[in-house]
Amino acid sequence: MNEIWQGLLEAIKLIVSLDPEILEISGRSLWIALSSCLLASVICLPIGGLIHFQRFAGKRTLISLIQTFYSIPTVVIGLFVFVLLSRTGPLGGFNLLFTPTAMIIGQMLLVIPIVLGLTISALSGIDKVIPDTARSLGAGSFQTAVVVLKEARFAVTAAMIMAFSRAISEVGLALIVGGNIKGFTRVITTTISLETAKGDLELALALGIILMFIALVINLVLNQLQTR
Amino acid sequence: MKRLIYYSASLFVILGMITSSIGCTATRLKVATTTSLYDTGLWSHLEPMFEEKYKVELDVIHAGTGIALEYGKRGDVDVITVHDKAAEEKFITDGYGVQRVPFAYNYFLIVGPPSDPADIKGLSSEEAFKKLMATSDGIFVSRGDNSGTHTKEKAVWENAGFDYETVRKAGAWYIEGGKGMGPTLQMANEKKAYTLTDMGTFATYKSKLQLVPTVAKGSTLLNVYSAIAVNPAKVPGVNMDTANNLISFLASPEIQKFIGNYGIQEYGIQLFIPSAGVKSTQ
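On a predicted model such as this, the values are computed, not experimentally measured, just so you know.

Attention now moves to the interface of chain A and chain B. Accessible area lost during the coming together of the parts is what is often quoted as the interface size. If you look at the interface, chain A gives 27 residues, while chain B gives 31 residues. For the chain A and chain B pair, buried surface summed over both sides reaches about 2700 Å², with 64% attributable to carbon and sulfur atoms. On inspection of chain A and its partner chain B, the count reaches zero salt bridges. The tally of links between chain A and chain B comes to eight residue pairs in polar contact (both at pLDDT 80 or more).

As a further point, take the side chain of Thr189 of chain A. Along the chain, the position of Thr189 of chain A falls in helix α10 (residues 188-198). When sequence neighbours within four positions are dropped, the list of residues in contact with Thr189 of chain A reads Ile168, Ser169, Glu170, Val171 and Leu211 of chain A.

Before going further, it helps to examine the packing of helix α3 (residues 42-54) of chain B against helix α12 (residues 253-261) of chain B. Between two packed helices, the angle of one axis relative to the other and the distance separating the axes together describe the packing. All names here are of chain B. Their axes nearest at 11 Å, the elements α3 and α12 cross at an angle of 160 degrees. Judged by the angle between their axes, α3 and α12 are roughly antiparallel. By crossing handedness, the relation of α3 to α12 is classed as right-handed. Residue-level contacts link Leu42, His45, Leu46, Met49 and Lys53 of α3 to Glu254, Ile255, Phe258 and Ile259 of α12. Class assignment for the residues of the contact of α3 with α12 results in six nonpolar, one polar and two charged.

Another aspect to go through is the side chain of Lys152 of chain B. All names here are of chain B. Following the sequence through the fold, Lys152 ends up in helix α7 (residues 148-159). Summary of buried charges: Lys152 has no salt-bridge partner, and the nearest side chain of opposite charge, Asp84, is 7.6 Å away. Within polar-contact distance, the side chain of Lys152 engages the backbone oxygen of Leu222 at 2.9 Å. Contacts of Lys152, omitting those with residues within four sequence positions, involve Phe108, Leu196, Thr220 and Leu222.

To continue, consider α10 of chain A. Buried within α10 of chain A we find Ile188, Thr189, Thr190, Thr191, Leu194, Glu195 and Ala197 of chain A. Among the residues trailing α10 of chain A, Gly199 of chain A stands out with phi positive, at a value near 90 degrees.

This brings us to the confidence of the model for chain B. The predicted model of chain B has a mean per-residue pLDDT of 88, with 89% of residues at 70 or higher. Predicted complex, confidence summary: ipTM 0.78, pTM 0.84.

What follows deals with a nonpolar patch on the surface. Together, Ile15, Phe213, Leu216, Val217, Leu220 and Val221 of chain A line one region of the surface with nonpolar side chains, adding up to about 520 Å² of accessible area. As for its position among the elements, Val217 of chain A is in helix α11 (residues 201-227).

What counts as what
- Residues numbered from 1 in each chain as written.
- Chains lettered and ligands numbered in written order.
- Predicted model: local features only at pLDDT ≥ 70, side-chain atom pairs only at ≥ 80, totals over all residues.
- Heavy atoms only, no water.
- Contact = heavy atoms within 4.5 Å.
- Buried area = accessible area lost by both parts, 1.4 Å probe.
- Salt bridge = Lys/Arg side-chain N within 4 Å of Asp/Glu carboxyl O.
- Polar contact = N/O pair within 3.5 Å; in protein donor to acceptor, adjacent residues only side chain to side chain.
- Helix = DSSP H or I, 4+ residues; strand = E, 2+ residues; numbered from the N terminus.
- Axes fitted to C-alpha atoms, helices over the stretch in contact; angles between N-to-C directions.
- Parallel < 35°, antiparallel > 145°, perpendicular 65-115°, else oblique.
- Left-handed = near helix turned anticlockwise from the far one by under 90°.
- Nonpolar A, V, L, I, M, F, W, Y, C, P; charged D, E, K, R; others polar.
- Buried < 20%, exposed > 50% of the residue type's maximum accessible area, 1.4 Å probe, protein only.
- Lys, Arg positive; Asp, Glu negative; His and termini not counted.
- pLDDT = per-residue confidence, 0-100.
- Patch = residues over 30% accessible without salt bridge, like charges linked within 9 Å, V, L, I, M, F, W, Y side chains within 5 Å.
- Areas by Shrake-Rupley, 256 points an atom, 1.4 Å probe, with all protein chains shown as cover.

This is the structure in structure tokens:
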């Protein structure tokens, strides 16, 4: 139990002293997770809208399928991206394996189902009166979609918070496609796993606390956006 | 909402630019190294020295010998430094590697709890394994991950006259940890068990463990580390020139001396014996 106390002290020390290596690793974690979530949102918001507003056969099945992918293990996505990006793989020519870009791609694939699924749920929660009113006031289908999305922003932001949490906290994918290279693809979670393997439990715990701290800051920022 | 879309789109473009610029600024050489070399901390010293000398970014990826060889075959790394002679030779015969350059060696040892429940202290590795099998008095934690150390363990079992598959099913005393060397030592420590480890990693972790060296005799226990450049003729896209630079760097007198002295001050024993240029049957 002493380790937890020591870890907390170490975390405070590392944060206060602005340790350059910790700053770099934390910055990388944050940047990779944010980029992947942003990319996923850019892709998923329109598609989510499309799925919600269109009527087609198999819609329920498609949504169930998307929701099933919430629980895909990070190592499985990691393995998939590894095989895809490995030099002998179909996208090997881009030479992306063991780079931060590969990690962004992987995390993006990881959170796409979450953003997509929760966007659809968010849109479903909007009162039917709103799109009807928009249409009756002469809005086109794009404008109607924008109105509904705006109305659903609270739940959509929640989807992004969820996606960000999954991205920044995962370790399996980051290890497989990033390779945990010092100063290049090493992020907080892979450092925790390495330091635990090395037996430096205090540092590992301290990093865990720092990750939670980053998550808190991001949540506060997104909450601000939500209430706007 | 439209503004938000424009905003995120432009942010996305900027992020893309940052990502690609980081990806392409410098030549990067990727080396996959066995965990037992990485866990001793040797690479964190060699990396800046090499980068300084050749003005190249060196990416060190630590992985067991099995997966390191796989990375090599797929062309995902340019050099591998591993310790499994048979697998290395197959790697070269299959055309994936250019040449095997042994650059350091040390020994494996069996470590265990000071109480030595199976009473194997001072035996040879093969005798010790026979006794573990016969009595089931001690717990043994195996790496179980196809690493160089795991392969060595299998070789000792076979030399002792056992089929490895029967060993795996021998009973609850035989545990396959599926972890790197450091975590395996910690697991053995928690379980008051025996395990096979390389000298270097054990010395590095010793202060955190109650385990003591138990068996260090046996000709099977020699542990040779080699560097192999991946063959660009078989695996296109390999950074051959820089790969050769890394191998000459490891074999250079200056670095050989550094490897030989590494850890003496900190751990009180020599972790690696330099061996570049030494003709060896291993």
